[in-house]
Amino acid sequence: MAGGAVRILGATKRIRGRTVLDDVTVELPRGGVYGFSGANGSGKTMLFRAVSGLIHLTSGYVEVFGQRLGRDVDFPPSMGLAFDSTGFWGECTGRQNLELLASIRRVAGAEEIERALLRVGLDPQDTRPFSAYSLGMGQRLLIAQAVMESPDLLILDEPTNTLDVDGIDLVLKLVCEERARGATVLVSCHNMPELEALCDRRYLMAEGRLVGEVGDGI
Amino acid sequence: MRRRDRGDTAVGVLPRPRRRDVLVVFGCAALRGFVALCLRGLGAQELLLAVLWGGAFVPQAWGQAQPLLGVITYMPNLALGLGLSDYVSRSLAQDASCVLPRMGRARWMGQRCLRAWAAAYIYEALSCSLVAAVSCLEPTVGPCVGSLGMGCLWTVALEGTLLGALVLWCNLVAVRTDAMVGFAAVWGLHLGILALAGTGSGTVAEAPWAWAPSCRGLVAWHSSLGWLWGTEGMAGANPWVSVLVLGLAAACAMAVLIRGFGITDVM
């Protein structure tokens, strides 16, 4: 674990007078799995949005691999993001969807796409369009698009949502493989003991604040 | 596939358009063709005047204004405006997690704006072709369409640029408020200015509103056909200048959208 992957300093975000992130400061070294727990509305997703560059902080800053978001770059340069599955093309198959997304940056080729689909338990030859996918299959495809380009930073928000037991096992395996590859993985893992057990560090959030590290007196 | 520099986020082009956006453009063009088909009994020249060029709004073209005919013939344009009024905000909701971070903010917004503008041109070219085809069913079509010549191309250029600008301004208002608010505000203003210009005693080119972007296409199109006898020097009469002014209006909306998006939260 050499060098910092994510550095968050005094991150505060206010939306319409409400503080959704409150002075969050944390440094995450490169190449580990970092879990964030907390009740609904505790600020986990908002923190992930700040780290992924989707929102701008009211004060404080986020640095990813030494580059400050909003100043040096819009988004972390090598990032896989799994937030929600609304962005897929309903009339295309899972494979075609990944090909469309891969065509943007041209980092992943046909081999990587097929491998990503197999890793999440989807059949690359499946001819059904995305609109015929179940919620769980959509979630698997979302995770596949996040890992297909072998990103240095992987952000998974509630990755086991809507997944069956097999799907959860595949996600756990995938997180382990990504850590072994050297990726830095940020994952929200509320009420997921198996996922929590994989984390190198686990942080507890409440009311937009980072309460502390689990196991560190919490 | 060739590998790119991993550190550069501002790469690539948007993947293929969403089915809904394609349907809006082709559906509205087909609707315009259908309206023309229903009104083909008017005669070829009147059909072109009414459906393609909004002539029913202009008292000088028909002896008196034909508001009902005007509203019917303007429906496809309004439907296109409504269908694309939330193009940017809807695309943002769809692209937030998968497409946007792969492209970068400015590049994503720039390409979205260009797509919205291109959609207006595609609609215009398609629908003009359909209306011209329908007007060819009429026996008097020869002298009518044949005499227009460059006017047909100017129609696509002027109205396409105008529609593109309107769509972009709609989206600019919509990303800050709501799609319906954007549509009502921008198209209401546009039609209001057109109506004001058409109620004067002289030609549109003589109206104090002739300088407004909404009237630019109208005046310049008449000029391109040589229908502004003695008023060629008036505001908005040069079609090249009008296309430029309308293009600038669209570019302003595009620049504000790109600049504003740089500091916008994606929720």
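Residues take numbers from 1 onward in each chain, read along the sequence in its written order. As they are written, the chains are lettered A onward and the ligands numbered 1 onward, keeping that order. This being a predicted model, a pLDDT of at least 70 is required before a residue's local features are given, and a value of 80 or more before pairs of side-chain atoms are given or counted; all residues contribute to the totals for chains, interfaces and linings. Derived side-chain values reflect all non-hydrogen atoms in the structure, with water molecules and hydrogen atoms excluded from consideration.

K.L.:
An account of the environment of P159 of chain A is needed here, citing residue identities and associated values.
P.N.:
All names here are of chain A. Runs of H or I in DSSP of at least four residues are treated as helices and runs of E of at least two as strands, each being numbered from the N terminus. You can see P159 is positioned in the loop between strand 7 (153-156) and helix 5 (165-181). The exposure class assigned to P159 is buried, which follows from its relative accessible area of 2%. Between the C-alpha atom of P159 and that of R201, which follows or precedes it by 42 residues, the distance is 17 Å. For P159, the contacting residues outside a window of four places in its chain are Q139, I143, V171, V187, S188 and L195. In this scheme, a residue with accessible area under 20% of its type's maximum is buried, one over 50% is exposed, and one in between is partly exposed, where area comes from a 1.4 Å probe on protein chains only. Residues count as neighbours in contact if any of their non-hydrogen atoms are within 4.5 Å of one another.

K.L.:
Tell me what's going on with the interface of chain B and chain A, and back it up with residues and numbers.
P.N.:
A common way to report how large an interface is uses the accessible area buried once the components associate. Each partner contributes to the interface: chain B provides 36 residues, whereas chain A provides 39 residues. Buried area is calculated as the accessible area (1.4 Å probe) missing from two parts once they are joined, with the contributions of both summed. For the chain B and chain A pair, buried surface summed over both sides reaches about 3300 Å², with 54% attributable to carbon and sulfur atoms. When a carboxyl oxygen of Asp or Glu is within 4 Å of a side-chain nitrogen of Lys or Arg, the pair counts as a salt bridge. There are 3 salt bridges connecting chain B and chain A. For R16 of chain B, the salt bridge goes to E91 of chain A, with nearest N and O atoms at 3.1 Å. Distance and chemistry together define a polar contact, namely a pair of N or O atoms within 3.5 Å, with one atom able to donate a hydrogen and the other to accept it when in protein, and with adjacent residues in sequence counting only for side-chain atoms on both sides. Taken together, chain B and chain A are joined by 14 residue pairs in polar contact (both at pLDDT 80 or more). Only helix 5 (87-95), helix 6 (100-103) and helix 7 (105-135) of chain B provide two or more residues apiece to the side of chain B that touches chain A.

K.L.:
Describe the sheet that holds strand 4 (residues 59-64) of chain A, and please don't skip the residues or the numbers.
P.N.:
A sheet is described by the order of its strands in space; here 4 strands give the open sequence 2-1-4-5 (chain A), paired in antiparallel fashion. The open sheet has two free edges, formed respectively by strand 2 (18-29) and strand 5 (67-68) of chain A, since each of these has just one partner strand. Two strands pair if DSSP finds at least two bridges between them.

K.L.:
Provide a residue-level description of the confidence of the model for chain A, including the pertinent values.
P.N.:
Looking at chain A as a whole, the pLDDT averages 91, with 96% of positions reaching at least 70. The element-level mean pLDDT for chain A is lowest in helix 6 (residues 193-198) of chain A, coming to 81, with strand 7 of chain A highest at 96. For every residue, the predictor states its confidence as a pLDDT score lying anywhere from 0 to 100.

K.L.:
Tell me what's going on with the packing of aromatic side chains, and back it up with residues and numbers.
P.N.:
Any two of the Phe, Tyr and Trp rings considered here, Trp counted by its six-membered ring, make a pair once their centres fall within 6.5 Å; the pair's planes then place it as stacked at under 30 degrees, edge-to-face at over 60, or tilted in between. A complete count under the given rule lists 8 aromatic pairs over all chains for this structure. Look at Y74 of chain B and W187 of chain B: their rings are 6.3 Å apart centre to centre, the planes differ by 65 degrees, and that puts the pair in the edge-to-face class. Linking Y74 of chain B in helix 4 (residues 67-84) with W187 of chain B in helix 10 (residues 179-198), this pair joins segments that are 113 residues apart in sequence. Three or more aromatic residues joined by ring pairs form one cluster here, namely F36, F48 and Y203 of chain A. In this scheme, Lys NZ or Arg CZ marks a charge over a ring once it lies within 6 Å of the ring centre and within 35 degrees of the ring normal. Across from the ring centre of W89 of chain A, 4.1 Å away, lies the NZ or CZ of R18 of chain B, which sits over that ring. We note R105 of chain B situated over the ring of F261 of chain B; from NZ or CZ to the ring centre the distance is 5.2 Å.

K.L.:
Before we move on, can you summarise the packing of helix 4 (residues 135-147) of chain A against helix 5 of chain A with the specific residues and values?
P.N.:
All names here are of chain A. In this analysis an axis means a line fitted to C-alpha atoms, helices contributing only their contacting stretch, and an angle means the value between N-to-C directions, from 0 to 180 degrees. With their axes 12 Å apart at the nearest point, helix 4 and helix 5 run at an angle of 10 degrees to one another. When the interaxial angle is binned, helix 4 and helix 5 end up roughly parallel. Residues R140, I143 and V147 of helix 4 form the contact with helix 5, whose participating residues are D166, G167, L170, V171, L174 and E178. For this classification, under 35 degrees means roughly parallel, over 145 means roughly antiparallel, 65 to 115 means roughly perpendicular, and everything else is oblique.

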